[in-house]
Amino acid sequence: MDYSSDDDEHRQAASYPSCPVSPADVARSQLGEDSFRRVVEWAPSAMVMINRNGEMVLVNTQTERMFNYGREALIGQSIEILVPERFRDKHQMFRGGFFADPQPRPMGIGRDLFGCRADGSEFPVEIGLNPIDTEAGIMVLASIIDITERRRVQQHLEDALQEKTVLLNEVHHRVKNNLQVITSLLNLQADYATDPRLRAFLAESCGRVKAMALTHQLLYERKNFARLDLGDYLDRLIQSIRASYCATGERIQLHMELPEGGLQLDLERTIPCGLLVNELVTNAFKHAYPGESRGEILIELKDEGENLIFLGVADNGVGLPSESVLAQSSSLGLQLVQLFVEQLHGSLTIERRGGTRFRIRFPKRI
């Protein structure tokens, strides 16, 4: 048994009346001595009553079964025979501390407690202690539960979770590597292409594949396979896009405004969100600043509350053509933008004054 206590245990004990009136005392007074003994005898957990000297004065059938002792071998013996030998010295000190301040308290929560059978084998237990006022003085009634099966199930679940984590880690690692292989093949094909338009198309495809690969890279790094910090992801994505357009030098500036506390988003919508930003930012690099004109691109991410996320991409370049011209255009990039917004279950508005502003709002949870 373990009679030590901590602050949590004292707080729990405070909900009971002070000794000598305990729940066990109330039971004895209401049931009578014989009835109380019968209740203890048929309790589903092991029940042991100990006097101030640490001697067992009452045990039930479950105690005999749990510890493999006969009743006659327990009555009158020190409770320490049920405690693993390596804990016995401290146990006597804890027992003395309990009798100095007898309060009902659960033991074993957040710590490892063990019982010791007659053959010396150990097993994990949880213990509840109740002081009882008797004619012979204050005694303690200990309720003992063997949690071996619970520990076995818990260990099985932990092993299964670890196995699943390792598997998911490997899956995301392999997906990331495969996407990198695809990117390398597209780059290799672009090197052999003589048509500038074809090379541009292949470069755009590379950017889209990189945006998808980045999600798996972050999942692999963060070891969280359910959600990603959207701000962290977009920051890494923008750095990758910036590196792809290094030829623009410093004439096009990139700025980001991200929420300080981060913004978590599930994987299913992180990918279309990243692809959406990839399309809008790369389109701004390619079309907003013709020739050697200068400008800046701003990416905003905000948590607007009420289950809404705001994502904005703005530039101060030459602006988009009129809607009538856009309607006749076969631009794949803008078609993909509409598709990704739909995947996010969001809404899109476009402003054309002083450049171009794309404003997207979509729910955090669907």
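Residues numbered from 1 in each chain as written. Predicted model: local features only at pLDDT ≥ 70, side-chain atom pairs only at ≥ 80, totals over all residues. Heavy atoms only, no water.

Draft legend 1. Spatial organisation of the packing of helix α7 (residues 196-222) against helix α9 (residues 267-288). Contact geometry for α7 and α9: axes closest at 9 Å, N-to-C directions at 145°. Of the two elements, α7 crosses α9, and the hand of that crossing is right-handed. Taken together, the residues of α9 that come into contact with α7 (itself represented by Glu204, Gly207, Arg208, Ala211, Met212, Thr215, His216 and Leu219) are Leu267, Thr270, Ile271, Gly274, Leu275, Asn278, Glu279 and Lys286. Considering only residue class, the contact of α7 with α9 consists of six nonpolar, six polar and four charged. (Axes fitted to C-alpha atoms, helices over the stretch in contact; angles between N-to-C directions. Helix = DSSP H or I, 4+ residues; strand = E, 2+ residues; numbered from the N terminus. Left-handed = near helix turned anticlockwise from the far one by under 90°. Contact = heavy atoms within 4.5 Å. Nonpolar A, V, L, I, M, F, W, Y, C, P; charged D, E, K, R; others polar.)

Draft legend 2. View of the pattern of salt bridges. Tallied over the entire structure, the rule returns 16 salt bridges. Arginine 86 serves as the salt-bridge partner of glutamate 122, at 2.5 Å between the closest nitrogen and oxygen. Taken together, the residues glutamate 122 in strand β5 (residues 122-134) and arginine 86 in the loop between α4 (61-67) and α5 (88-100) connect sequence positions 36 residues apart. Two residues, arginine 152 and glutamate 149, come together in a salt bridge whose shortest N-O distance is 2.6 Å. Of the two residues, arginine 152 and glutamate 149 both sit in helix α6 (residues 148-192), three residues apart, roughly one turn of that helix. Here the salt bridges do not stand alone but share partners, grouping Glu204, Arg208, Glu279 and Lys286 into one network. (Salt bridge = Lys/Arg side-chain N within 4 Å of Asp/Glu carboxyl O.)

Draft legend 3. Representation of the nonpolar core within the structure. Counting 40 residues, the largest nonpolar core has Leu276, Val281, Ile297, Leu311 and Phe362 as its most contacted members. Those elements that provide at least two residues to this core are α7, α8 (230-244), β8 (252-257), α9, β10 (295-305), β11 (308-315), α11 (332-343) and β13 (356-363). Here this core takes 10 residues from α9, the largest share from any one element. Within the second largest apolar cluster, 22 residues are counted, among which are Phe67, Phe98, Leu113 and Ala142. (Core = buried A, V, L, I, M, F, W, Y, C linked by side-chain atoms within 4.5 Å. Buried < 20%, exposed > 50% of the residue type's maximum accessible area, 1.4 Å probe, protein only.)

Draft legend 4. Representation of the packing of α7 against α8 within the structure. Contact geometry for α7 and α8: axes closest at 10 Å, N-to-C directions at 135°. In terms of axis orientation, α7 runs oblique to α8. Where α7 crosses over α8, the two elements pack in a sense that is right-handed. When α7 is examined against α8, the residues Lys210, Ala211, Leu214, Thr215, Gln217, Leu218, Glu221 and Arg222 are found in contact with a partner set consisting of Asp232, Tyr233, Arg236, Leu237, Ser240 and Ser244. In terms of residue class, the contact of α7 with α8 is built from five nonpolar, four polar and five charged. (Parallel < 35°, antiparallel > 145°, perpendicular 65-115°, else oblique.)

Draft legend 5. The pairing of strand β1 (residues 46-50), seen in detail. Burial of β1 is extensive: five of the five residues sit out of reach of the surface. Burial of β1 is two-sided: the residues Ala46, Val48 and Ile50 facing one way and the residues Met47 and Met49 facing the other way are all buried. Relative to strand β6 (residues 137-146), β1 runs antiparallel, the two sharing five bridges. Across the sheet, the residue bridging to methionine 49 is leucine 141, located in β6. Here β1 folds back onto strand β2 (residues 56-59), and the loop between the two strands holds five residues, one of which, glycine 54, carries a positive phi near 85°. (Pairing = 2+ DSSP bridges.)

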